[in-house]
Amino acid sequence: MTTFYPGPAKIYPQVADYLQDAYRSGILSSNHRSESFMQICQKTLDLLHKKLNIPADYAIVFVSSATECWEIITQSFTEKNSLHLYNGAFGEKWFDYAQHIKPTTQAHFFDLETRLEIPESIYQPECLCLTQNETSNGTRLNTEQLTFLRTDFPNTLIAYDVTSALGGVDLPMKAGDIWFASVQKCLGLPAGLGLLIVSPRAIAKAKQINDRKYYNSFLFMLENIQKFQTHHTPNVLGIYLLMRVLEQVESIQTEAKILCQRAEIYYNFFEKHAFFKPLVKNKAVRSATVMCVEGSESHIATVKTEAEKAGIILGNGYGIWKNTTFRIANFPQISENEIEKLLYFFQTFNL
Ligand SMILES: *Cc1c(COP(=O)(O)O)cnc(C)c1O
């Protein structure tokens, strides 16, 4: 089976060998305060900075998921409340989590097809929360927009959910203060590990707030990672596999360029398809890593079943688009051959 599910997604086939290596190396039975773990931790952080182009003065901590980051941002980086701008299900969920912790959390919904415009009424919020790549509907905020947001909100902490982009998109890291993702999407790894990337300014704010109430309060994590350790026994296997995958991948600029070309092929292909069309019509807001393709409810149901018979798993639609779309992950771990197989299936698909 070839899976195009946008998460958990296909894992790199090399992971099979890395798992064996992890077992043989003895690291899985080592203490997480040992020299051998600290070396792996340090190497993984170095590789993240290098391969994903993360500024040297941004800290990276290991967490368990992107969902956990939603809570950490509200607990450790937000004094009163954050403002959430969203157009899809993941942005909405993030708002929901934040609101449970800080009831005065604000939200502003924008339309799928429109570029994010900041309403006049919004004045320098404390923390702005955005889903850079909305996995539920296949939209994204591009570099130009992120740069504008940085200029428009010079004193605001800007936090980006990049769960379905990190590892596949060349992100303008300096334009944001907090970036987070989990590894089971564009990084091609098994689930159970998340990354939280934090700017010096966000660190200063966390120190000012000084939240130390929770097991995952950011300052505990920061103090530990500065010694290449973690605040609790971490997912050592996940970190080891991440290190091995990062050694293997090209620089983010190279990976992103390939994915952009592939996205172009997919979108052009579906523009001309008899039964299916890209959900998002506005090219400027289309995601390069998650394609959302629309059709009638019955066509969508049929194509998913037929695809499975052909050895292909399409991603289900999500949220309000559940029954009228399918999704295709355009992640780096998916091979040219697999894409050809998928396009061939759609070329010959008939009702
Ligand atoms: C998948 C996804 C999440 C949730 O990730 P977990 O690792 O399950 O917490 C959050 N946000 C976005 C945009 C996602 O695509």
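Cut-off values and rules
Residues numbered from 1 in each chain as written. Predicted model: local features only at pLDDT ≥ 70, side-chain atom pairs only at ≥ 80, totals over all residues. Heavy atoms only, no water. Pairing = 2+ DSSP bridges. Helix = DSSP H or I, 4+ residues; strand = E, 2+ residues; numbered from the N terminus. Contact = heavy atoms within 4.5 Å. Axes fitted to C-alpha atoms, helices over the stretch in contact; angles between N-to-C directions. Parallel < 35°, antiparallel > 145°, perpendicular 65-115°, else oblique. Left-handed = near helix turned anticlockwise from the far one by under 90°. Nonpolar A, V, L, I, M, F, W, Y, C, P; charged D, E, K, R; others polar. pLDDT = per-residue confidence, 0-100. Buried < 20%, exposed > 50% of the residue type's maximum accessible area, 1.4 Å probe, protein only. Core = buried A, V, L, I, M, F, W, Y, C linked by side-chain atoms within 4.5 Å. Polar contact = N/O pair within 3.5 Å; in protein donor to acceptor, adjacent residues only side chain to side chain. Near = heavy atom within 4 Å.

1. Some thoughts on the sheet that holds strand β15 (residues 325-329)
Point 1. Taking strand neighbours across the sheet as the criterion, the four strands line up as β11-β12-β15-β14 in an open arrangement whose pairing is antiparallel. Whereas interior strands pair on both sides, the edge strands pair on one side only; in this sheet they are β11 (277-278) and β14 (315-316).
Point 2. Note that β14 and β15 share two bridges and pair antiparallel. The residue of β15 that forms the bridge with N316 is F326.
Point 3. Across the face of the sheet, helix α10 (residues 297-309) comes into contact with β12 (290-294), β14 and β15 while running at roughly 40 degrees to β15.

2. Let's talk about the packing of helix α1 (residues 15-25) against helix α8 (residues 236-248)
Point 1. In contact at an axis separation of 10 Å, α1 and α8 are set at 130 degrees when each is read in the N-to-C sense. With respect to each other, α1 and α8 are oriented oblique. As α1 packs across α8, the resulting crossing turns out to be right-handed. Facing α1, whose interface residues are V15, Y18, L19, D21 and A22, α8 presents L237, Y240, L241, R244, V245 and Q248.
Point 2. Partitioned by chemical class, the residues of the contact of α1 with α8 number eight nonpolar, one polar and two charged.

3. Notes on the packing of helix α9 (residues 252-271) against helix α11 (residues 336-348)
Point 1. The contact between α9 and α11 brings their axes to 12 Å, and the two run at 5 degrees. Classified by the interaxial angle, the pair formed by α9 and α11 is roughly parallel. Across the interface between the two elements, R262, I265, Y266, F269 and F270 of α9 pack against E336, I339, L342, L343, F346 and Q347 of α11.
Point 2. Of the residues assigned to the contact of α9 with α11, the class counts are eight nonpolar, one polar and two charged.

4. Overview of the confidence of the model for the chain
Point 1. Of the residues in the chain, 100% have a pLDDT of 70 or more, and the chain-wide mean is 97.
Point 2. For the chain, the element scoring lowest by mean pLDDT is strand β4 (residues 106-109), at 94; strand β9 (residues 178-182) scores highest, at 99.

5. Brief notes about the pairing of strand β8 (residues 157-161)
Point 1. Burial of β8 is extensive: five of the five residues sit out of reach of the surface.
Point 2. Residues L157, A159 and D161 point to one face of β8 and I158 and Y160 to the other, with burial holding for every one of them.
Point 3. Sheet topology note: the β8/β9 ladder contains three bridges and is parallel. Bridge pairing in β9 places D161 opposite F180.

6. Considering the nonpolar core
One recurring pattern in soluble globular proteins is that nonpolar side chains are buried together.
Point 1. Core analysis: the biggest nonpolar cluster contains 80 residues, and L166 and F218 have the highest contact counts within it.
Point 2. The element contributing the most residues to this core is α8, with eight residues.
Point 3. Look past the residues within four positions of F218 in its chain and what remains in contact with it is V61, I72, S76, F77, L196, V198, I203 and A206.
Point 4. Grouped together as the second largest cluster of nonpolar side chains are 29 residues, A263, F269, F270 and F345 included.

7. Quick notes on the side chain of E126
Point 1. When you line up the elements, E126 lands in the loop between β4 and β5 (127-131).
Point 2. A polar side-chain atom of E126 sits 2.3 Å from the main-chain amide nitrogen of E79.
Point 3. Excluding its chain neighbours within four sequence positions, the residues that come into contact with E126 are F77, T78, E79, K80, N81, T156, L157 and K205.

8. A few points about the site of the ligand
Point 1. Taken together, 13 residues lie near the ligand, and T67, T135, D161, S182 and K185 sit nearest.
Point 2. Take T135: an N or O atom from its side chain is 2.4 Å from an oxygen atom of the ligand.
Point 3. For the ligand, a nitrogen atom lies 2.7 Å from a polar atom in the side chain of D161.
Point 4. Here the residues of the shell around the ligand sort into three nonpolar, eight polar and two charged.

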